[in-house]
Amino acid sequence: MKTNKKLKICFLSAFSSIHLYACSKGCIKQEFQSELNASNSLNFTTVDSIIKGSMIFIVPDSMNNFLSRLINSDIDQTTTDNDYDNAAITYNIMKSTNSLVSIVKSVYKEADGAPRGFFAWDECLNYLQFVNKVYMVRYDFDSDYSLQIKYLQESGELDLGCTNAGLKEKPDLSFFFYNTNLFLHDPIASPFCNIDLKLDVDPEKISFTILDD
C-alpha cells in the first residue's frame, strides 16, 4: 500500500509539473501578444547624452522603470567591451510598453583603416518581462521572406546595388517590433542595402530565453 501511495504522489507531482510548464509557456505567449497589441506607454521627443570613458550613449530622456533598467544594464555591459571603444551608441526605441521593449541599438565608430573611415552597425534588443523575470524574445525565421526580397528586387523597389546582393545567414538576422508588426532588420548582406521588411508575427515562431539574474 505504501508503495502504491508513493507512486501516486510521484505521478501527481510529475503531472503538476508538466501542467505548470505547459501553462507557463502558454501564458507567456498570451502576455507577449497582449503587450504587442498595446500602444507605446511613452512618447520620446528628446534625448540625453551619457559619457562613459571613450563612449557616448544617446538615450531617451524619459523612460519607465523597465525600459530604464534594461538600457542601464546594456550600457554597463557595453562599457566593458573593447569593440565599442570611441563609439557613439544610440538607443532607438521602437516599442515600449509596461512589459515589452524593442530597441534598435545603433553604433557609430570612427576608425583608421575602416572602408569609409568608420564602422556602423545595428543591434536589435527585444525583451519581455513576465512574472518578475526578464526574457529575451527570439524569432525562428524561415526562408519565406526571401521571396518578398526577390519581389522587391525584380520590381525595382531596391537600389541597383542591392539586386545582386545575397542574404544574411540565419544566425545574423535581427528584428524589432513596431506597433503590432515584426520587422526583419537589414536582411540583405550589404552595407548599402538597408531595408526593414515587415512581417506578420507567427506565434509558433516566437520563443523566450530567460536572462541571467
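You'll find the structure just up there.
Structural notes, computed from the coordinates.

Rules of the game
- Residues numbered from 1 in each chain as written.
- Predicted model: local features only at pLDDT ≥ 70, side-chain atom pairs only at ≥ 80, totals over all residues.
- Heavy atoms only, no water.
- Salt bridge = Lys/Arg side-chain N within 4 Å of Asp/Glu carboxyl O.
- Helix = DSSP H or I, 4+ residues; strand = E, 2+ residues; numbered from the N terminus.
- Buried < 20%, exposed > 50% of the residue type's maximum accessible area, 1.4 Å probe, protein only.
- Core = buried A, V, L, I, M, F, W, Y, C linked by side-chain atoms within 4.5 Å.
- Contact = heavy atoms within 4.5 Å.
- Pairing = 2+ DSSP bridges.
- Axes fitted to C-alpha atoms, helices over the stretch in contact; angles between N-to-C directions.

### Regarding the pattern of salt bridges
Following the criterion strictly, the structure yields five salt bridges and no others. Among the salt bridges present, the one from Lys170 reaches Asp140, with a minimum N-O distance of 2.9 Å. A residue pair is termed long-range when its members are at least 10 positions apart, and Lys170 in the loop between helix H3 (144-154) and strand S7 (174-178) and Asp140 in the loop between strand S6 (133-139) and H3 qualify at 30 residues. Look at Lys170 and you get partly exposed, because its relative accessible area is 47%. A residue is classified by how much of its surface remains accessible, and Asp140, at 43% relative accessible area, is partly exposed. Several salt bridges share partner residues, and in doing so they unite Asp74, Lys105 and Glu123 into one network.

### With respect to the nonpolar core
If you look at the biggest cluster of nonpolar residues, it comprises 29 residues, and the most contacted ones within it are Phe32, Phe141 and Phe177. Going through the elements one at a time, helix H1 (2-37), strand S5 (118-130), S6, H3, S7, strand S8 (181-185), strand S9 (196-199) and strand S10 (206-210) are the ones with two or more residues in this core. Apart from residues no more than four positions distant in its own chain, Phe177 is found in contact with Phe32, Leu36, Met94, Lys95, Ser102, Asn126, Val137, Leu182, Val201 and Ile206. The next biggest cluster of nonpolar side chains, apart from the first, holds 19 residues, and it includes Phe57, Val59, Leu67 and Val101.

### Observations regarding the environment of Leu42
Relative to the assigned elements, Leu42 resides in the loop between H1 and strand S1 (47-52). Looking at Leu42, the relative accessible area reads 22%, which means it is partly exposed. As a C-alpha pair, Leu42 and Asn64 span 22 residues in sequence and 7.8 Å in three-dimensional space. Sequence-distant contacts of Leu42, defined by excluding residues within four places in its chain, comprise Ser62, Met63, Asn64 and Ser96.

### Re the sheet that holds S8
Strand order in this open sheet of three strands is S7-S8-S9, and the pairing throughout is antiparallel. If you trace the sheet from one side to the other, it starts and ends with S7 and S9, each paired once. Taking each pair of neighbouring strands and ignoring which way they run, the sheet shows an average axis angle of 30°. Looking at chain direction, S8 and S9 are connected through four bridges and run antiparallel. By the bridge assignment, Leu184 is partnered in S9 with Leu197.

### Notes on the side chain of His185
In this structure, His185 sits in strand S8. When neighbours within four sequence positions are excluded, His185 is seen to be in contact with Val104, Asp122, Cys124, Lys168, Ser174, Phe175, Phe176, Ile195 and Asp196.

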